[in-house]
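Now for the letters of each chain:
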Amino acid sequence: MATPTAPGSSVTYDRNAIARMIDFFTIDGTPWPRRLWDVGSLLGLEELWEAGSWAAQKVLSTAACDWQRNELRTIVGPDVGLGQKELRRELTTLLAAPLPDPSPARRRLKELIEHARSGYVDRWAAAVDTTPAQRPKPERLARTVASHLLDLGYDANHLAAWANELNARQATALEVVQSAATLAKAPEHSFDVLVVLLAVPERPLAEQQLNWTAKGKVIEWLKEHNFSVQGLRVGGGFRYQVNALDAYGAANQAREMVERMVARSSFQRSNRGGIVAAPNIWVGGHPQPISLLPPARGANILALVHEGHLYRVDGERRLIDDALELAAPLNQGALGPAVAGGWAAVESLLTHPDDPQEEERSGKAVAADRLAAIIACSWPRAELTALAHRHSPAEPDELSSALDGCTTNIERARTVAEGLKSGSRRPRPSGRKLQRHSDMAAIDRMARVVDDPRRELNEAVKTFRVALRRLYRTRNIVLHGGSTKGVALQATLRIGAPLVGAGLDRLAHAALTEGIRPLDLAARAELALKLVGGETALSVVELLEPRRG
């Protein structure tokens with residue numbers, strides 16, 4: 001058996017960084033606590049610049065834009081990719097005052113973003129290429145690089161393959177970041193994408209389009225590109241020439257065009273919704289067809305199964321029932337309905353007519369803050385429970401014996417938390433090396449939480465609040481601005497959907513097991529964040545539990 005690597009070693013640093021990147025790029029299967037929780041700094045700056053024009057049109061409030069700007073000042077502060085001298089000084093100056101549209105400051109911000117983009121990842125590579133004591137923490141490095149590449153427009157599937165390849169050859173963290181810098185500089189490529197239609201109502205209209213491809217030509221194209229045609233019923237199709245950073249991104253663009261066609265067909269008097277596309281999209285040069293159905297965005301509400309309510313839809317409808325229907329498009333719905341429905345669910349549960357009108361929390365932003373508190377309170381319990389189940393040393397140890405005596409997940413989570421607090425019973429995860437390094441990173445995060453719960457949890461609340469208020473602003477852009485082209489729209493759902501799912505899961509669990517109302521659970525969470533680790537001995541694993549004497 002190999003000797004375990006010392007926690008502070010360069011090898012552990014390298015493996016933890018790449019393992020976390022793979023977590024962030026794994027769409028299906030990564031639980032919400034291990035996903036990305038925010039966008040990158042550059043996209044945050046672009047979003048702020050765009051917000052100015054929406055504020056000028058009264059779609060966003062001035063208070064919302066000022067809050068966004070002030071939070072961004074805090075977020076970009078530790079980002080070494082934004083420079084240390086002149087670039088940093090100019091950015092700090094611009095973010096210190098409002099950026100109305102039009103204004104000289106806003107025009108300068110646009111120019112500054114482009115200067116910051118050039119060499120952004122290279123500056124992070126330089127930060128890694130230093131002494132172990134000075135280099136950034138692997139978690140922050142992984143989050144920064146992963147979010148930047150996703151924000152640029154790379155698809156998570158493509159990046160997962162890239163990261164797994166680097167991991168397979170044991171690339172160092174520096175080599176990973178240098179490779180990411182190459183990706184960041186790469187131009188878009190032109191892709192030949194084929195969409196096959198199985199049903200083509202109003203065929204003459206389709207045949208008038210220059211990119212229409214008849215049945216025979218569809219089969220010919222598929223065979224020419226080495227795709228199987230077995231069992232494929234073809235009514236014709238469309239070929240699109242699209243520019244994208246990778247084949248999955250090209251397929252995403254084609255998927256959006258199919259969604260637009262299908263949406264238009266729903267307005268026909270006859271053959272309503274009659275356009276039917278094949279279940280896959282084919283991209284020239286890519287070895288496998290890509291599913292037409294987009295991957296789920298990670299909004300998982302497990303309480304419906306755990307509490308036996310998946311099929312229990314009869315009887316009196318509750319507030320949570322309506323919210324779940326509103327949020328249904330979050331996972332695989334089109335962008336606009338997903339944003340609108342997701343926020344509608346949050347607002348319906350966590351606002352009240354008697355909420356005080358605060359300048360800083362304009363509109364219904366208070367709902368985002370309340371959900372952020374609930375999610376933060378559920379985070380330690382979720383991670384500690386997972387680590388309890390992952391603990392599997394080669395030989396049983398003291399933690400194994402303690403876990404064997406537990407009968408519930410809350411007991412298991414509490415046992416792991418106590419072990420981390422004492423420092424003598426750290427979990428020892430088993431399984432694939434990659435999974436172990438992901439677990440080790442989670443152990444480090446949870447060790448910080450149990451050591452200083454109030455500080456760590458309130459930092460998490462700030463992060464969740466930023467993500468959820470972004471969802472609120474994006475909803476306003478979609479519904480009040482009538483636009484689905486916001487610069488951060490896709491990133492909003494990538495980040496927000498898993499968080500909304502996590503919050504709704506806790507709200508559903510509380511409603512189904514305790515009968516507690518959403519606003520009451522939010523009050524419990526907000527108070528718990530103030531009391532945790534204090535004189536009441538409130539533990540990080542029971543923040544959302546009813547207090548019993």
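Our subject is the structure listed above.
Not measured: the values here are computed from a predicted model.

Here we come to the pairing of strand E1 (residues 189-199). Two strands pair when backbone bridges link them, and E1 and strand E3 (residues 237-244) are joined in this way by eight bridges, in the antiparallel orientation. Each bridged residue has a counterpart across the sheet, and for Ser-190 the counterpart in E3 is Asn-243. Alignment of E1 against strand E4 (residues 276-283), held across five bridges, turns out to be antiparallel. Across the sheet, residue Ala-199 finds its bridge partner in E4, namely Val-276.

A few words on helix H12 (residues 247-265). In this model, H12 (19 residues) spans 27 Å end to end at C-alpha, consistent with the 27 Å of a helix rising 1.5 Å per residue. Residue Asp-246 occupies the N-cap position of H12, its side-chain oxygen lying 3.0 Å from the main-chain nitrogen of Tyr-248.

Two orientations exist for strands paired in a sheet by backbone hydrogen bonds: parallel and antiparallel. Judged by pairing direction, the sheet is antiparallel, and its five strands sit side by side in the order E2-E3-E1-E4-E5 without closing on themselves. Either end of the sheet is taken by a strand with one partner, and the two such strands are strand E2 (212-213) and strand E5 (290-291). When E2 meets E3, the two strands line up antiparallel, connected through two bridges. From the neighbouring strand, Thr-213 faces E3, where its bridge partner is Gly-237. With respect to the sheet, helix H11 (residues 215-224) is in contact with E1, E2, E3 and E4, its orientation differing from that of E1 by roughly 135°. Across the sheet, H12 lies against E1, E3, E4 and E5, angled at about 135° from E3, the strand it touches most.

The subject of this paragraph is the side chain of Asp-439. Tracing the backbone through its elements, the reader meets Asp-439 in helix H19 (residues 433-451). At 2.7 Å, the side chain of Asp-439 and the side chain of Arg-390 are in polar contact. Asp-439 has contacts with Arg-34, Leu-387, Arg-390 and Pro-429, leaving out every residue within four places of it along the chain.

Before going further, it helps to spend a moment on the pattern of salt bridges. This model, assessed by the stated rule, comprises 36 salt bridges. The shortest N-O distance in the salt bridge between Arg-426 and Asp-444 comes to 3.0 Å. A residue pair is termed long-range when its members are at least 10 positions apart, and Arg-426 in the loop between helix H18 (409-422) and H19 and Asp-444 in helix H19 qualify at 18 residues. The shortest N-O distance in the salt bridge between Arg-517 and Asp-520 comes to 3.1 Å. Residue Arg-517 is classed as exposed on the basis of its relative accessible area of 57%. A residue is classified by how much of its surface remains accessible, and Asp-520, at 33% relative accessible area, is partly exposed. A single salt-bridge network, built from bridges that share partners, covers Arg-20, Asp-23, Arg-34, Glu-139, Arg-143, Glu-383, Arg-390, Asp-439 and Arg-445.

Reading the values: rules and limits
- Residues numbered from 1 in each chain as written.
- Predicted model: local features only at pLDDT ≥ 70, side-chain atom pairs only at ≥ 80, totals over all residues.
- Heavy atoms only, no water.
- Pairing = 2+ DSSP bridges.
- Helix = DSSP H or I, 4+ residues; strand = E, 2+ residues; numbered from the N terminus.
- Expected span 1.5 Å × (residues − 1).
- Polar contact = N/O pair within 3.5 Å; in protein donor to acceptor, adjacent residues only side chain to side chain.
- Contact = heavy atoms within 4.5 Å.
- Axes fitted to C-alpha atoms, helices over the stretch in contact; angles between N-to-C directions.
- Salt bridge = Lys/Arg side-chain N within 4 Å of Asp/Glu carboxyl O.
- Buried < 20%, exposed > 50% of the residue type's maximum accessible area, 1.4 Å probe, protein only.

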